[in-house]
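A look at the structure
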Amino acid sequence: MGPTTRAQFVYNRRRRRTGGRHAVEEASDEEEQRQDTSDSSSDEEGDEEKEAEASGEEVDDDDEDEEVEGEAAASEPAAKKHPATAAAGELIYYLLTCVCLQVCKRIGHEAGFKGAVYIDCPMKPCFLCKMPGHTTLSCPHRVAMEHGVIPAPRRNTNTSLDYVFQSQVKGKISMVKPKFLIPNQLECGNIKFHQRRVTCLEFHPTKNNVLLSGDKKGLLGIWDYVKLHEKITYDSVHSCILNSMKIDTANDGILYTASSDGTISCTDLDTGIGSPLLNLNPNGWNGPSSWRMIYGMDLNTEKGLLLVADSFGFLYFLDRRSKTRVGHPILIHKKGSKVTSLHCNPARPEVLLSSGNDHYARLWDTRKLEANSALASLAHGRVVNSGYFSPQSGNKILTTCQDNRIRVWDYIFGDLESPSREIVHSHDFNRHLTPFKAEWDPKDYTETVAVVGRYISENYNGVALHPIDFIDTSSGKLLAEVMDPDISTISPVNKLHPQDDILATGSSRSIFIWKPKTEDELTEERTKQKAKEYVYGSGSRKKSNGKHDNSSDDSDGDSGGKNKKARKTRFTHTPKGKGKSKV
């Protein structure tokens, strides 16, 4: 990946308290991710400690055997063995003592991590393409991601609708593919900015250097990654996972957020004060059978409507002006199944794309929306994590499915029974991880580039790293894989900047900013300017009432019956002797 340059990082240190129910939460999501990367690629989970103990016992047995053999050799002359016989004996001994503790529990082979390389169990199908006959290491899709992918045809004027697209829509798209700069250089990072794993990211539409983020605990973070120290978090917006966020196009100081607590909140970014727009659980917790969570959310800018969908398959309309619900909920996916994402077409906002746990992505016309009135149902093999229209014309569809497939439909006007292309990619893992979602590059006028994190690790100089992939959706080719040896955790949340060549990634509780590598950065002077900057500070959080809270991640907020007075100014320390910053 070329010469490694050093970046700037912000470290957030919080006090830990033990005791009570919060002592159970001391294991961070970072540790969970590292544990997940050592799990089996099949549905059965292994235990590396047991494997280590088993291997240790084998070594001890070998030592004992050597001692016995040494004593026997001293008492009587050793018999000479044929080399072929000795080799066959060693092979038989290895096959009898080698046990696949990770997956199938059978003898004769092993599975699991060997250094930075993961070895598949040969008794199971390939974890990547889900096909039998080979392992992940030898999978042709891993060697060449474009393997088996049918490239986009040059001529597509087959129907009258295609002709309309060619004459009216495609003329607005640049035919000359612009130079694409891969943000492959780690610029800076905010280490442990969140209390739990990052679940969503969004760039501010007018303040180019401001990044918004949400986490598993419902905390909302705002960070200026250019000034580095200007950051703040609001921890009273939601009570659990913050799944989606959208900034009001009419007022960029207002943020709409959707959460697994079943609420939609309208939050003022300056004060952190939020007002609920929708609460699907007014009576509180009455068991999982009645608890509704909200995952999908999008804005219809023409109608001024906020569209949200819950975990029972229903769609709701909210008027963002009057902040009231419009009409009745409509069933758009199988009853009882979760709707994972919603996306309004950028060129035709009345066309809605939804994806869900019922293995379908569906197209709807919101002007005449009824149950079972989908314009098209796009079948998938497993749960559909996300579905997005292309950012310029809205003519293409990109979906991410748990069967390790990224599917692309080139024309929403034509036949949608089968996708134009299926790209095999490693993202089949959700335990302790935010679901992987492939997203378009909003700056790419050719509507071919997508970015998505990778689950399967790669061996880079003896270190297991999880790259971030840039894929050409027209051919399935891997354009670039972005990684840094300082980031060994998985990066399932990725967001490309709408104007600049910048990539933001969420990895565990940390956020990182990537920029394109230039020749100037390879000079010694530039390298000195890129020296790491470690900032140590209390994890100051601002509540919705405007007050700060410096309690730790796992603290229940009870300190001897009284809460300590929060500080409004946070002092930090850097190697340069600077670092005083106000939050």
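This is a predicted model, so every value here is computed, not measured. Residue positions are given per chain, counted from 1 along the sequence in the order it is written. Predicted model: local features are reported for residues with pLDDT of at least 70 only, side-chain atom pairs are reported and counted for 80 or more only, and whole-chain, interface and lining totals are derived from all residues. Processing note: side-chain calculations cover all non-hydrogen atoms of the structure and skip hydrogens and water entirely.

Secondary structure elements follow DSSP: runs of H or I of four or more residues count as helices, runs of E of two or more count as strands, with numbering from the N terminus. Of the regular secondary structure elements, the protein chain holds six helices and 38 strands. Put simply, the protein chain has 583 residues, and 50% of those count as buried. Any two residues having at least one pair of non-hydrogen atoms within 4.5 Å are treated as being in contact. Taking contacts inside the protein chain between residues at least 6 apart in sequence as the whole, the part at least 24 apart equals 54%. Using a 1.4 Å probe, accessible areas were evaluated by the Shrake-Rupley method; residue-level cover was limited to the displayed protein chains. By element, 51% of the accessible surface of the protein chain is carried by carbon and sulfur atoms, the whole surface being about 28300 Å². For the exposure calls, accessible area comes from a 1.4 Å probe over protein chains only, and a residue counts as buried if that area is under 20% of its type's maximum, exposed if over 50%, partly exposed in between.

Another point: the UniProt feature "repeat: WD" (unreviewed entry) in the protein chain. UniProt positions are given in the numbering used here, feature names are shortened, and annotations may be inferred rather than shown by experiment. The feature "repeat: WD" (unreviewed entry), as annotated in UniProt, sits at residues 191-224 and 377-410 in this numbering. Secondary structure content for residues 377-410 is 0% helix and 56% strand, and the end C-alpha separation is 15 Å.

On to the pairing of strand β9 (residues 242-247). With five of six residues buried, β9 lies mostly within the body of the structure. What sits between the antiparallel neighbours β9 and strand β10 (residues 254-259) is a turn of six residues. In this analysis, strands are considered paired if DSSP registers two or more bridges between them.

Attention now moves to the sheet that holds strand β22 (residues 397-401). Read from one edge of the open sheet, four strands run β21-β22-β23-β24, paired in antiparallel fashion. Looking along the sheet, the strands with just one partner apiece sit at the ends: β21 (384-389) and β24 (421-424). The average undirected angle you get between the axes of adjacent strands in this sheet is 15°. Every angle, taken between N-to-C directions, lies between 0 and 180 degrees, and every axis is a line fitted to C-alpha atoms, over only the stretch in contact when it is a helix.

Time to look at the side chain of Thr-263. Structurally, the position occupied by Thr-263 is in strand β11 (residues 263-268). Overall, the relative accessible area of 15% leaves Thr-263 in the buried class. Within polar-contact distance, the side chain of Thr-263 engages the side chain of Asp-261 at 2.7 Å. In this view, Thr-263 contacts His-238, Thr-257, Ala-258, Leu-278, Asn-279 and Ile-294; residues no more than four positions away in its chain are not counted. Here a polar contact means two N or O atoms within 3.5 Å. Within protein one must be a hydrogen donor candidate and the other an acceptor candidate, and residues neighboring in sequence count only if both atoms are side-chain atoms.

Strand order in the open sheet formed by four strands is β13-β14-β15-β16, with antiparallel pairing between adjacent strands. At either end of the open sheet lies a strand with only one pairing partner, and these are β13 (294-300) and β16 (324-331). For this sheet, the mean inter-axis angle between neighbouring strands, taken without regard to orientation, is 20°. Bridging between β13 and strand β14 (residues 305-310) involves six bridges; their strand directions are antiparallel.

A word on the packing of aromatic side chains. Think of it this way: a Phe, Tyr or Trp ring, Trp meaning its six-membered ring, pairs with another when their centres are within 6.5 Å, and the plane angle makes it stacked under 30 degrees, edge-to-face over 60, tilted otherwise. The tally for this structure, following the rule as stated, stands at five aromatic pairs. With a centroid separation of 5.9 Å and an interplanar angle of 55°, the aromatic rings of Phe-127 and Tyr-455 are classed as tilted. With Phe-127 in the loop between β3 (117-119) and α4 (140-143) and Tyr-455 in the loop between β26 (449-453) and β27 (458-460), this residue pair connects regions lying 328 residues apart in the sequence. Judged by relative accessible area, Tyr-455 falls into the buried class, the value being 7%. Relative to Tyr-225, the ring of Trp-223 lies with its centre 6.3 Å away and its plane at 70°, an arrangement referred to as edge-to-face. Neither residue differs from the other here; Trp-223 and Tyr-225 are each classed as buried. The structure contains a cluster of three or more aromatic residues connected by ring pairs, namely Phe-127, Phe-429 and Tyr-455.

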